Amino acid sequence: MSAVISAFLVTSVVLTVGLVLISRSGDINIDAITVAGTYGIVLLGCLSSTALFLIMILFFKTSASSSAFFGILSAASGFVIGAYIPLSEFTEGVQTFCNLFPATQITVLLRNNLLNGIVDKINEDIGGIDQGAFAEG
């Protein structure tokens, strides 16, 4: 539980600082419900990742081997969760492998949750999309 709590606290601080910095540069179109949902997604991510890493760490005999593995995993994690390159750019086998990690789905949830407000604002600013035009064609 201490790992979940510390991961949640650190991630929440980073998220809060990020939201404050973004909001200082202009309207971010995120309401309080979205922010609360984002913190919930972060908590879910901390729970799932901590549980997965707890299982993984049981296989290591020394802290040196554990540290080496997690160092490699940290370097590759941006690719695995689709933060650096969208997963749709990879082959189906690589996508399936990446989907084994809970952080991949958490990243997608965070991205969708935080971008919904701006997408709705853009749609409103351009006058909406005429759904009838797509149904006819």
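Cut-offs applied
- Starting from 1, residues in each chain are numbered consecutively following that chain's sequence as written.
- Whole-chain, interface and lining totals are the exception, using all residues; otherwise, since this is a predicted model, local features are given only for residues with pLDDT of at least 70 and side-chain atom pairs are given and counted only at 80 or more.
- The side-chain quantities take in all heavy atoms of the structure and omit both hydrogens and water.
- Put simply, DSSP H or I for four residues or longer makes a helix, DSSP E for two residues or longer makes a strand, and each gets a number counted from the N terminus.
- Our radius of gyration looks at C-alpha atoms and nothing else; its globule reference is 2.2 Å times the residue count to the power 0.38.
- The term salt bridge refers to a pairing of a side-chain nitrogen on Lys or Arg with a carboxyl oxygen on Asp or Glu at a separation within 4 Å.
- Relative accessible area decides the class of each residue, using a 1.4 Å probe on protein chains only: under 20% of the type maximum gives buried, over 50% gives exposed, and in between gives partly exposed.
- Fitted lines through C-alpha atoms serve as axes, helices being fitted only where they are in contact, and the angles separating the N-to-C directions of these axes extend from 0 to 180 degrees.
- Convention used here: angles under 35 degrees read as roughly parallel, angles over 145 as roughly antiparallel, angles from 65 to 115 as roughly perpendicular, and any remaining angle as oblique.
- Residue contacts follow a heavy-atom distance rule, with two residues in contact if any of their heavy atoms lie within 4.5 Å.
- Three residue categories are used. Nonpolar comprises Ala, Val, Leu, Ile, Met, Phe, Trp, Tyr, Cys and Pro, charged comprises Asp, Glu, Lys and Arg, and polar comprises the others, including Gly.
- An expected span of 1.5 Å times one less than the residue number is assigned to each helix.
- Any two of the Phe, Tyr and Trp rings considered here, Trp counted by its six-membered ring, make a pair once their centres fall within 6.5 Å; the pair's planes then place it as stacked at under 30 degrees, edge-to-face at over 60, or tilted in between.
- Take the seven residues that end at a residue and the seven that start at it, fit an axis to each, and the angle between those axes is the bend at that residue.

## Focus: the overall build of the protein chain
Then, number 1: Across its full length, the protein chain carries six helices and zero strands.
Then, number 2: The order of α-helices and β-strands along the protein chain, N terminus first, is α-α-α-α-α-α.
Then, number 3: The C-alpha atoms of the protein chain give a radius of gyration of 19 Å, which is well past the 14 Å a tight globule of 137 residues would have.
Then, number 4: By principal-axis analysis of the C-alpha atoms, the protein chain measures approximately 60 × 35 × 20 Å.

## A closer look at the pattern of salt bridges
Then, number 1: Overall, the coordinates contain one salt bridge when judged by the stated rule.
Then, number 2: The shortest N-O distance in the salt bridge between Lys121 and Asp125 comes to 3.3 Å. Taken as a pair, Lys121 and Asp125 lie in helix H5 (residues 102-125) at a separation of four residues, close to a single helical turn.
Then, number 3: Taking the relative accessible area as the measure of exposure, Lys121 reaches 30% and is therefore partly exposed.

## Quick notes on the packing of helix H2 (residues 32-57) against H5
Then, number 1: Close contact between H2 and H5 brings their axes to 9 Å; oriented N to C, the two are set at 175 degrees. The orientation of H2 with respect to H5, classified from their angle, is roughly antiparallel. Along the contact surface, H2 presents Thr34, Gly37, Thr38, Ile41, Val42, Leu44, Gly45, Ser48, Ser49 and Leu52, while H5 presents Pro102, Ala103, Ile106, Leu109, Leu110, Asn113 and Leu114.
Then, number 2: When its residues are assigned to classes, the contact of H2 with H5 shows ten nonpolar, seven polar and no charged.

## Let's talk about the side chain of Ser66
Then, number 1: Within the fold, Ser66 resides in helix H3 (residues 63-80).
Then, number 2: For Ser66, the contacting residues outside a window of four places in its chain are Ile57 and Phe60.

## Overview of helix H1 (residues 2-24)
Then, number 1: Between the first and last C-alpha of H1 there are 33 Å, a value that for 23 residues agrees with the 33 Å anticipated at 1.5 Å per step.
Then, number 2: Here H1 has its buried residues at Val4, Ser12, Leu15 and Leu19.
Then, number 3: On the buried face of H1, the contacting elements are H2.
Then, number 4: Directly after H1, the chain includes Gly26, whose backbone phi takes a positive value near 150 degrees.

## What to know about the packing of aromatic side chains
Then, number 1: Across all of its chains, the model carries five aromatic pairs by this definition.
Then, number 2: Each ring, one from Phe69 and one from Phe70, has its centre 5.2 Å from the other, and the planes form 75 degrees; the classification is edge-to-face.
Then, number 3: In textbook terms, an aromatic cluster arises when at least three aromatic residues are bridged by ring pairs, as seen for Phe53, Phe60, Phe69 and Phe70.

## A look at H3
Then, number 1: End to end, H3 covers 24 Å across 18 residues, agreeing with the expected 26 Å (1.5 Å per residue, within 8%).
Then, number 2: The largest bend in H3 amounts to roughly 35 degrees and is located at Ser74.
Then, number 3: Packed against the buried residues of H3 are H2, helix H4 (92-98) and H5.
Then, number 4: In the stretch just after H3, Gly82 is the one whose phi turns positive, near 80 degrees.

## Some thoughts on the environment of Leu47
Then, number 1: As for its placement among the helices and strands, Leu47 is situated in helix H2.
Then, number 2: Separated by 55 residues in the primary sequence, Leu47 and Pro102 have C-alpha atoms spaced 9.6 Å apart.

## Looking at the environment of Met1
Then, number 1: With respect to the secondary-structure elements, Met1 resides in the segment before H1.
Then, number 2: The class of Met1 is exposed, set by a relative accessible area of 72%.
Then, number 3: Sequence separation between Met1 and Ala51 is 50 residues, and the spatial gap between their C-alpha atoms is 9.8 Å.

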